[in-house]
Structures are given as structure tokens and as C-alpha cells.
Amino acid sequence: MAFSLLGGTGATVASTRWLRPLLFWLTTALLLLLVGLPVLAIVAYALFPHINEWSFAQPFSAIIPSLSDLDLLSAIGNSLVLSFSVTLLSVVIALPLAIQRQHLAESNGRLWDALMLVPFLIPPYIGAMSWMQLLQRRGFIEQLFGFNLNDLLYSFPGLVIVMSLHLFPMIYVAASQSLRIIGQRYGDVARVFGGQPWPIFFRIQLPLVSVSLLASGLMVFVLTFEEFGTPEILGSRFGFEVIVTSIHKKFTDWPIDLPGASVLSLILIGIAFAAFKTHGWLTKRFTTDIDTPLLTATKIEVPRYRSIIANGWFCLVAIPAVILPVVTIAISASQKTLTGGLAWSNLGLQHFIAITAVNSEPWQALTTSLLLAFGAALGSVGIALLVAFTLVRMQPKGLALLDFLSLLPNALPGMAVAVGLILTWNQSFWPMTPYNSSAILLLAYMTLTLPYPIRTLTAALKQLPLSLDEAGYVFGASELRVLLRVLWPLIAPVALASGFIVFAISSRELVSSLMLAPPGVNTVATYVFHQFDQGSVNAGMAMSLVTILVSGSIIRLGQSLTRSNML
């Protein structure tokens with residue numbers, strides 16, 4: 001039964017009623033600036049191609065040509081087929097791995113869990129470049145063994161394999177957690193009545209874990225659908241266009257087609273939003289079913305041979321998913337020249353030294369990325385705090401609008417955010433605009449990373465009982481003082497951890513950096529991308545390795561803070 005210290009709002013609380021509308025309008029204005037305006041601009045351009053001239057002439061005229069363009073239809077079809085294939089292969093890799101995880105001792109299993117998350121630390125475009133270094137003609141495989149897998153790499157199956165090896169951990173984590181919650185007792189009961197391993201798996205365990213597979217599979221589908229780097233790097237070599245690369249072309253090939261790009265962005269947002277809502281529904285349904293388990297996992301003695309098989313299975317996946325990409329990046333970064341090949345005399349630290357040389361191009365790219373990431377972390381967490389406090393504690397009128405705006409960033413792919421910001425801020429009627437300056441990158445990073453701090457801080461505030469606030473009100477505290485003196489100290493570790501995650505993601509973001517970076521401004525992602533285009537692969541790999549180590553360390557620190565609640 002819920003218990004409240006106060007029957008209603010006291011006189012002291014009433015004295016700070018100005019805080020409620022202030023927070024609502026401030027939060028709504030910030031979300032409209034970051035999220036609402038870019039989405040509105042995309043919709044407006046898609047419906048009215050001449051809206052930048054303040055004209056509603058020829059409405060809907062961009063939609064039919066875009067949807068009847070065979071190349072664009074092919075790109076949309078390619079995106080769907082690629083996303084479905086990557087999701088399917090990710091399930092094929094992750095599900096057996098999750099099953100084998102149940103046969104490992106806990107300490108051994110935690111070690112493999114940590115290793116299986118390494119692909120997430122490698123940005124997908126860097127992972128794709130490492131596979132190029134490994135498998136293409138005159139790559140490391142050919143130098144060592146005399147053959148190459150160039151034809152496989154630059155083909156649809158090769159693209160699917162590379163993307164699946166990056167995304168399967170998302171399904172693995174969800175499936176292994178579900179199997180752990182389900183436990184062994186369902187299987188024990190089935191075995192009592194003569195059940196065999198395969199029928200038990202297909203008729204009991206698989207149906208129970210299927211919702212978790214669907215939910216995580218949907219997220220893999222969406223991430224594949226909106227991924228730009230890997231299709232651009234590998235797919236463009238064999239003429240494979242997807243919807244995101246088509247949008248990029250509409251901005252880089254002359255004549256620039258803003259209405260066409262906005263139509264494609266609208267399709268991208270629509271598919272991502274539908275998948276996000278479906279994922280939310282599935283997750284809620286799944287959580288409801290599993291949160292009330294009467295059956296807990298029992299500790300059973302795992303035969304030694306099953307543990308050996310499980311470890312062997314993990315090794316089989318870890319070699320291509322973790323070891324080969326990481327070793328390739330490390331060796332490439334340490335090579336003096338690309339033509340020198342795999343030789344001890346060709347190894348050195350010159351590219352790492354160049355990164356640390358003050359005022360050099362890589363140093364400026366690194367410092368620019370770190371400064372922007374720091375600003376994005378401060379901005380995103382600050383806005384997320386306002387959103388979480390207003391949604392959970394204030395609950396003002398118009399809550400539905402604020403709730404919608406806070407959820408919208410979850411369904412905004414990076415390319416759509418970049419397109420929306422260009423359409424919004426590249427207009428002559430603004431007296432001041434962040435476009436063509438580093439501020440536009442800051443806006444993009446904040447928009448893209450908002451979902452994470454909003455989700456974590458909202459969840460953290462919901463876990464704090466309302467009676468904490470009421471205890472303060474009993475002794476005359478205002479809402480503002482309760483916020484600053486009671487709630488903020490309790491959620492500060494979560495806010496700090498969220499900031500670390502936002503920092504790590506922002507420091508290596510690719511698509512909005514490529515689309516929005518003004519002339520003369522390089523970030524880590526644009527520097528690496530341009531180095532590969534110019535043939536300076538080793539310099540790009542050195543920067544990639546530094547980025548992976550920095551962002552990985554920061555993400556790890558953020559996770560540790562969240563778990564230990566050390567502050």
C-alpha cells in the first residue's frame with residue numbers, strides 16, 4: 001500500500017509553484033530546439049519542396065518522384081534486406097553462444113561476457129577498415145598465407161558478416177540474461193517426464209527466450225538500417241547502395257537535392273520509430289512476464305566436458321569478432337609505411353608520436369573531438385536532468401507533449417539528425433546560426449546522445465520514493481531545495497556515469513561529423529575517414545587505436561560508477 005507523509009501540497013510547496021511551469025517550458029523549449037525543429041524541417045521539406053522560399057507551391061511534388069526513382073527504391077530494398085540478413089546472422093551467432101554461457105562457471109562466464117562486448121567498443125567504420133587491412137589484396141592474410149578473401153569482403157555476404165560480428169553482442173547479452181532468469185527448473189521438470197535435450201530446447205527454452213530475441217533483434221535491425229560507415233566503406237566497392245548512403249549522395253553530388261533527402265530521411269525516421277515502439281512494447285511485455293518468477297535458477301554441477309565445449313565455442317567466435325580486428329588495428333597503427341608490409345623493421349611509434357605533437361593535424365582533430373564530447377556530455381546530462389525531474393516529479397500540464405519529445409530522439413538515426421540540422425539552420429532568415437561552425441557539431445552530438453541520459457536518469461528518479469521529497473516538505477523545504485539538497489546528491493553518480501557514456505560516444509561519432517563539420521575543422525572520425533581516402537592508412541589506424549582505448553576506458557569507468565554507486 002502506498003504511504004504519503006503529506007495529504008496534499010503544503011504551504012511551503014505552494015510558494016514555489018513557479019518552478020513547475022518554468023521547468024516545463026524550459027525543458028520543452030530545449031527539446032524543441034534540439035529535436036523538434038530538425039524533425040519539423042524534414043517533414044516540411046518533404047511535403048513542401050519550396051518551403052525555404054516561404055512558398056507552399058507544388059506540395060508533395062518531391063514524394064512521388066522520390067518513391068518512383070528505381071535507384072532509391074533499390075536502396076530502400078537493399079537496406080531492408082541487409083538489416084534482415086544481419087539480424088538473422090547475429091541471432092545465429094549469439095543464441096548458441098548464450099546457451100553455452102549457461103554451461104560455464106560464473107567467474108569464467110563473466111570473463112567471456114566482458115570479451116564479447118569488445119566489438120561494441122570498436123566504432124563500426126574502424127572495424128570495417130580493419131577487415132579491409134586483413135582480407136583485401138596485399139592484406140595481412142595474403143602476406144602471411146599467400147591468399148586473400150578480397151572477393152568475399154567486397155560482396156553482400158562479406159558486408160553481412162562484418163556487420164554481424166559487430167552487432168551480435170546486443171543479442172548475446174539479452175539472450176544470456178533471459179536464459180539465466182529462466183533457469184534450469186523447466187528443463188528439470190521436462191526431463192522427469194522423459195524430455196530429451198533438443199525437444200526441451202525447441203519446445204520450452206526457445207519459446208521463453210523468443211521475446212528477448214525479438215526485442216534485441218529489432219534493435220540490431222534498426223542499427224543496421226541506419227548505419228552509414230560500413231556500407232559506405234565496403235558496400236560502395238561493389239556498388240551496393242543503402243538508404244543512408246543515398247541520402248549522403250544527395251548532399252554531396254551536384255545538384256544537391258534537399259527535398260529528396262528529406263523524403264528519404266522521413267522514411268528512415270518512420271521505420272526507426274516503428275521499430276522503437278515495437279521494441280518498447282516487447283520489452284514491457286517481456287519484463288512483466290519475467291519480473292514475477294517463482295522459479296529461480298538452481299546451481300548444478302556442470303560436467304567438465306561441457307565446460308570445455310563451451311569455452312571452445314566462445315574461442316571460435318572471439319577469434320573473428322575480437323582478436324583479429326583488434327590485432328589488425330594494433331599492427332596497422334604500428335607500421336611505419338603501408339608498403340613496408342609485415343616486417344619487424346617496419347614497426348614503430350611514429351604515428352602515435354604525431355598524434356601527441358601539439359598543433360599537428362591529428363592533435364587538433366583529437367582535441368576538437370574531446371572538447372566537443374565534453375560539451376555534449378555537459379549539455380546532454382543537464383537537459384536530461386531537467387527532463388527527468390519534470391517528467392517524474394513535477395508532472396505538469398502538457399506532460400504528454402514533453403514525454404513525446406523526450407522519446408523522439410530514440411527514433412532519430414544519425415543521418416536524419418544531420419539532415420534535419422542542415423535544413424533547419426542553413427537558412428538566411430536566422431539572425432544568428434550555428435551552421436558552418438563547430439556549434440552545429442555540438443548540437444548534433446547532444447541530439448544523438450540525449451536518449452541515454454534521459455533513460456538512465458528517469459529510471460534512477462523513479463526508484464527514489466516520493467516520501468523522500470515529502471520528508472523535506474514537512475520541515476519547510478521548497479521544491480528547489482529538495483531537488484538540490486535531497487535528490488541531486490542521490491542521482492549524481494548516475495548523472496556522472498551517463499556523462500561518461502555520452503562523452504565516449506560523441507568522441508568518435510562519424511555520420512554527423514562528416515555531414516556537418518565546417519571547412520578546416522577535423523574530428524577524430526573525419527580525420528580517420530580522410531586518412532583512408534588519401535591512402536595514409538597507418539596514421540588513421542593509430543588514431544583509431546587511441547580513440548578505442550580512450551572511449552573504452554571512459555565507458556568502463558562509467559559502467560563501474562553505475563554498478564558501484566561509489567559517489
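Residues numbered from 1 in each chain as written. Predicted model: local features only at pLDDT ≥ 70, side-chain atom pairs only at ≥ 80, totals over all residues. Heavy atoms only, no water.

Draft legend 1. Examining the packing of helix H2 (residues 19-47) against helix H19 (residues 399-407) more closely. Between H2 and H19, the shortest axis-to-axis distance is 10 Å and the interhelical angle comes to 35 degrees. The two elements H2 and H19 cross, and the hand of that crossing is left-handed. Judged by residue contacts, Phe24, Thr27, Thr28, Leu31 and Leu32 of H2 engage Leu401, Leu402, Leu405 and Ser406 from H19. Residue composition of the contact of H2 with H19, by class: six nonpolar, three polar and no charged. (Axes fitted to C-alpha atoms, helices over the stretch in contact; angles between N-to-C directions. Helix = DSSP H or I, 4+ residues; strand = E, 2+ residues; numbered from the N terminus. Left-handed = near helix turned anticlockwise from the far one by under 90°. Contact = heavy atoms within 4.5 Å. Nonpolar A, V, L, I, M, F, W, Y, C, P; charged D, E, K, R; others polar.)

Draft legend 2. Structural context of helix H26 (residues 524-533). Taking burial as the measure, the ten residues of H26 include eight buried ones, the bulk of the element. Of the positions making up H26, those classed as buried are Val524, Ala525, Thr526, Tyr527, Val528, Phe529, Gln531 and Phe532. A positive phi of about 90 degrees marks Gly535, the residue just after H26. (Buried < 20%, exposed > 50% of the residue type's maximum accessible area, 1.4 Å probe, protein only.)

Draft legend 3. The arrangement of the pattern of salt bridges in detail. Under the counting rule described, the total for this entry stands at three salt bridges. When the shortest N-O distance is used, the salt bridge between Lys249 and Glu241 registers 2.9 Å. (Salt bridge = Lys/Arg side-chain N within 4 Å of Asp/Glu carboxyl O.)

Draft legend 4. Layout of helix H21 (residues 438-449). An ideal rise of 1.5 Å per residue puts 16 Å on twelve residues; H21 measures up with 17 Å between its terminal C-alpha atoms. Of all the residues in H21, the buried ones are Ile440, Leu441, Leu443, Ala444, Tyr445, Met446, Thr447 and Thr449. Where the residues of H21 are buried, they touch H2, helix H18 (361-394), helix H20 (414-425), helix H22 (451-463), helix H24 (479-506) and helix H25 (511-516). (Expected span 1.5 Å × (residues − 1).)

Draft legend 5. View of the packing of aromatic side chains. Applying the stated criterion to the full structure yields nine aromatic pairs. Consider the rings of Phe221 and Phe225, whose centres lie 6.2 Å apart with planes at 15 degrees: the pair is stacked. Of this pair, Phe221 and Phe225 both sit in helix H12 (residues 197-226), four residues apart, which is roughly one turn of that helix. The two residues Phe221 and Phe225 agree in class, both being buried. Every member of this aromatic cluster is reached through a ring pair, and the members are Trp112, Tyr172 and Phe314. (Phe/Tyr/Trp six-rings, centres within 6.5 Å; stacked < 30°, edge-to-face > 60°.)

Draft legend 6. How the structure looks around the side chain of Thr547. Note on placement: Thr547 falls in helix H27 (residues 537-564). Beyond its immediate stretch of four places on either side in the chain, Thr547 contacts Ser507, Arg508, Val524 and Gly552.

Draft legend 7. Main features of the nonpolar core. Of all hydrophobic cores here, the largest spans 146 residues; its most connected members are Met116, Phe168, Leu234, Ile247, Met415, Met515 and Leu516. Considering every element that reaches this core, the biggest residue donor is H18, with 15 residues. If we skip the residues at most four places from it in the chain, Met116 touches Leu97, Phe168, Pro169, Tyr172, Phe314, Val317 and Ala318. (Core = buried A, V, L, I, M, F, W, Y, C linked by side-chain atoms within 4.5 Å.)

Draft legend 8. Representation of a nonpolar patch on the surface in the model. The grouping of Leu144, Phe145, Phe147, Leu149, Leu152, Ile161 and Leu342 at the surface amounts to a nonpolar patch, some 630 Å² of accessible area in total. Examined against the element boundaries, Phe147 turns out to sit in the loop between helix H8 (140-145) and helix H9 (150-153). (Patch = residues over 30% accessible without salt bridge, like charges linked within 9 Å, V, L, I, M, F, W, Y side chains within 5 Å. Areas by Shrake-Rupley, 256 points an atom, 1.4 Å probe, with all protein chains shown as cover.)

Draft legend 9. Quick look at the confidence of the model for the chain. Model confidence for the chain is summarised by a mean pLDDT of 82, while 90% of its residues fall at 70 or above. The model gives residues 1-12 a pLDDT under 50, and that stretch makes eleven contacts with residues more than four places away or in other chains. Segment residues 288-294: pLDDT under 50, and one contact once partners within four positions in sequence are set aside and those in other chains are kept. (pLDDT = per-residue confidence, 0-100.)

Draft legend 10. Summary view of the environment of Ile99. With respect to the secondary-structure elements, Ile99 resides in helix H4 (residues 70-101). A sequence separation of 240 residues divides Ile99 from Thr339, and the C-alpha atoms of the two residues are 44 Å apart. Sequence-distant contacts of Ile99, that is, excluding residues within four places in its chain, are made with Leu179 and Phe201.

Draft legend 11. The arrangement of the packing of helix H14 (residues 243-252) against H20 in detail. Relative to each other, H14 and H20 sit at 25 degrees, their axes nearing to 10 Å. Taken together, the axis directions place H14 and H20 in an arrangement best described as roughly parallel. Crossing of H14 over H20 shows left-handed handedness. Across the interface between the two elements, Val244, Ile247, His248 and Phe251 of H14 pack against Met415, Val419 and Ile422 of H20. Residue composition of the contact of H14 with H20, grouped by class: six nonpolar, one polar and no charged. (Parallel < 35°, antiparallel > 145°, perpendicular 65-115°, else oblique.)

Draft legend 12. Fine view of unusual backbone geometry. We note that Arg138 has phi near 65 degrees; this positive angle belongs to a residue other than glycine. In this structure, Arg138 sits in the loop between helix H7 (124-135) and H8.

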